[in-house]
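Results of the structural survey
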Amino acid sequence: MRPYDVLIVGSGLYGSVFAHALRQIGKRCLVIDRRSHAGGNIYCTHKEGIDMHTYGAHIFHTSDKDTWDFVNSFVPFNHFINSPLAIHGNKVYNLPFNMNTFYQLWGLRDPEQVKLKIAEQVKRAGISKPHNLEEQAISLVGTDIYEVLIKGYTEKQWGRSCKELPAFIIKRLPVRFTFDNNYFDDRYQGIPIGGYNRLTEGLLQGVDLQLNRDFLAERDYFSAMADHIVYTGPIDAFYHFKFGPLAYRSLRFEEERLATDNFQGNAVVNYTEKSIPFTRILEHKHFAFGTQAHTIITREYPQAWQPGLEPYYPVNDEANNKLFAQYRHLADQETRIVFGGRLADYKYYDMHQVIASARVRVRQFIAKNYSL
Ligand code: FAD
Ligand code: UDP
């Protein structure tokens, strides 16, 4: 008999949600992670009274009441609403693209005039059916906003031209003809009070956890530990890159402590010019309405992914999606391995989507393997 029913590779949200559901029905789970902490990319570092979002700004948002109730059953959430600012030259703009942004750029405060202005610019650009991010962006907000707030930011974030990027990436951002700076359209939004680690700890309560363990380096040893495996790491690495490597984008985070109580007056400020090497500055205390006398900021520098770096973003263009489909085909034939999460599904998931997908999959898994 193997010591565990299920081995879960990766203690991020996908693995933790899976482990929680299995533990609830009395299954023996072992969660391993190659990092020195649990939680994956939602992990917070607690420093001098401030919960730092170690791997970039994480704002929880969802319209699904069931997902919202689920996360709130582990930790209460505060009323934070993400309203990032964008800086270009010496001017400040509101995001997402809304009447405040249009007023700041064009001095227009009549929504009809704004729509006409955008329509004129779209017409001049000659775009009818958008085929890539550039065309999609221009068709949504016109050429001025594209040039000032999108082009530079996107090209440094992704390391390639907007013409080579899929249109869906820019559709993540709302475009509104109201004066509303809420970055998300979702019904529920907030940050866990006390940080995201409380969510991870709640999910992993009573589950065996081993850190600093890389499944791929000890594949035989760990595979023999359990009847089933849930793998949430990069799918191409699992299959020894046999069809070639998938493209990812990585990030470098540069942290600074400042002896001021308020550096930028907002949790997230984007720098949209290409000549500035970072994309955003986070001021962590503002996610939690902190009143400390000091502050901690993080500059987020995009960088090319290479082995040894964290693969933060899948690059879901056509070529990589095709390559992924080949790996997925292999994964579908596995009988004792489940693949899921941002890296194994190679999908630009937000937290609520990872949670929902893990909850659906674990229900199917339980029904298939453990129903009477
Ligand atoms: P991960 O969190 O990546 O967890 C996977 C885990 O598997 C990692 O801990 C990794 O170390 C481990 N692992 C991988 N390979 C191995 C191996 N071989 N052996 C052992 N362990 C392994 N979502 C939102 O909803 N709102 C936001 O504001 C938001 N902001 C984001 C900002 C940034 C910069 C990034 C990168 C993501 C953001 N997200 C946001 C997305 C969110 O982080 C993810 O949807 C979610 O955390 C993914 O969970 P996961 O379990 O799929 O993956
Ligand atoms: N984006 C932009 N300018 C901004 C903010 C975002 O052009 O000031 C574009 C960029 O292409 C980015 C995408 O919108 O990759 C999605 O932004 P989001 O904030 O959702 O990115 P994430 O938080 O996932 O990095």
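Let me sum up the structure you'll find in this document. (Residues numbered from 1 in each chain as written. Chains lettered and ligands numbered in written order. Predicted model: local features only at pLDDT ≥ 70, side-chain atom pairs only at ≥ 80, totals over all residues. Heavy atoms only, no water.)

**Let's talk about the sheet that holds strand S2 (residues 29–32)**
The strand order S9-S2-S1-S10-S16 describes an open sheet built from five strands, whose pairing is parallel. What marks the edges here is a single partner per strand, and that holds for strand S9 (208–210) and strand S16 (337–339). For this sheet, the mean angle separating the axes of adjacent strands, direction not counted, is 20 degrees. (Pairing = 2+ DSSP bridges. Helix = DSSP H or I, 4+ residues; strand = E, 2+ residues; numbered from the N terminus. Axes fitted to C-alpha atoms, helices over the stretch in contact; angles between N-to-C directions.)

**Quick notes on the site of ligand 1**
Close contacts around ligand 1 come from 33 residues, with Asp33, Ala57, His58, Arg342 and Met351 the closest. In the model, an oxygen atom of ligand 1 is placed 3.0 Å from a nitrogen or oxygen of the tyrosine 14 main chain. For ligand 1, whose accessible area on its own is 1000 Å², the fraction buried by protein is 97%. With three residues, the top contributor of residues to the shell around ligand 1 is helix H10 (residues 341–344). (Near = heavy atom within 4 Å. Polar contact = N/O pair within 3.5 Å; in protein donor to acceptor, adjacent residues only side chain to side chain. Areas by Shrake-Rupley, 256 points an atom, 1.4 Å probe, with all protein chains shown as cover.)

**Observations concerning the sheet that holds strand S7 (residues 91–94)**
Read from one edge of the open sheet, seven strands run S7-S6-S12-S13-S14-S11-S15, paired in mixed fashion. Of all the strands in the sheet, just S7 and strand S15 (313–314) have a single pairing partner and so form its edges. Note that strand S6 (residues 85–88) and strand S12 (residues 268–271) share three bridges and pair parallel. Of the residues in S12, the one forming a bridge with alanine 86 is asparagine 270. Running at roughly 105 degrees to strand S11 (residues 248–258), helix H5 (residues 133–158) makes contact with S6, S7, S11, S12, strand S13 (280–283), strand S14 (295–304) and S15 of the sheet. (Contact = heavy atoms within 4.5 Å.)

**Quick notes on the pattern of salt bridges**
Side chains bearing opposite charge may pair, as long as their charged atoms lie close to each other. Tallied over the full model, the rule gives 21 salt bridges. Of the charged contacts, one joins lysine 274 and glutamate 155 as a salt bridge, the two residues approaching to 3.4 Å between their closest N and O atoms. Here the residue lysine 274 occupies a position in the loop between S12 and S13, and glutamate 155 occupies one in helix H5, the gap between them amounting to 119 residues. Residue classification places glutamate 155 among the buried positions, given a relative accessible area of 9%. Between glutamate 256 and arginine 299 there is a salt bridge, and its shortest N-O distance comes to 2.9 Å. Of the two residues, glutamate 256 is situated in strand S11 and arginine 299 in strand S14; the sequence distance between them amounts to 43 residues. (Salt bridge = Lys/Arg side-chain N within 4 Å of Asp/Glu carboxyl O. Buried < 20%, exposed > 50% of the residue type's maximum accessible area, 1.4 Å probe, protein only.)

**Thoughts on the packing of helix H2 (residues 65–72) against helix H11 (residues 351–370)**
Remark: H2 packs on H11, axes separated minimally by 10 Å, with the N-to-C direction vectors making an angle of 95 degrees. By the angle between their directions, the pair H2 and H11 is classed as roughly perpendicular. Packed against H2, whose contacting residues are Asp66, Thr67, Phe70 and Val71, the element H11 presents His352, Ile355, Ala356, Arg359 and Arg363 at the interface. Of the residues that constitute the contact of H2 with H11, the class distribution is four nonpolar, two polar and three charged. (Parallel < 35°, antiparallel > 145°, perpendicular 65-115°, else oblique. Nonpolar A, V, L, I, M, F, W, Y, C, P; charged D, E, K, R; others polar.)

**What to know about unusual backbone geometry**
One can expect most non-glycine residues to show negative phi and most peptide bonds to be in trans. For the bond from leucine 95 to proline 96, the omega torsion is -10 degrees, close enough to zero to count as cis. Within the fold, proline 96 resides in the loop between S7 and helix H3 (99–106). A positive phi angle, near 55 degrees, is found at phenylalanine 289, a position not held by glycine. Mapped onto the secondary structure, phenylalanine 289 falls in the loop between S13 and S14. The phi dihedral of tyrosine 346 is positive, around 50 degrees, even though this residue is not glycine.

**Focus: the environment of phenylalanine 70**
Relative to the assigned elements, phenylalanine 70 resides in helix H2. Taking the C-alpha atoms as reference points, phenylalanine 70 and threonine 272, 202 residues apart in sequence, are found 36 Å from one another. Residues within four places of phenylalanine 70 in sequence aside, it is in contact with Val17, His20, Leu203, Ile355 and Arg359.

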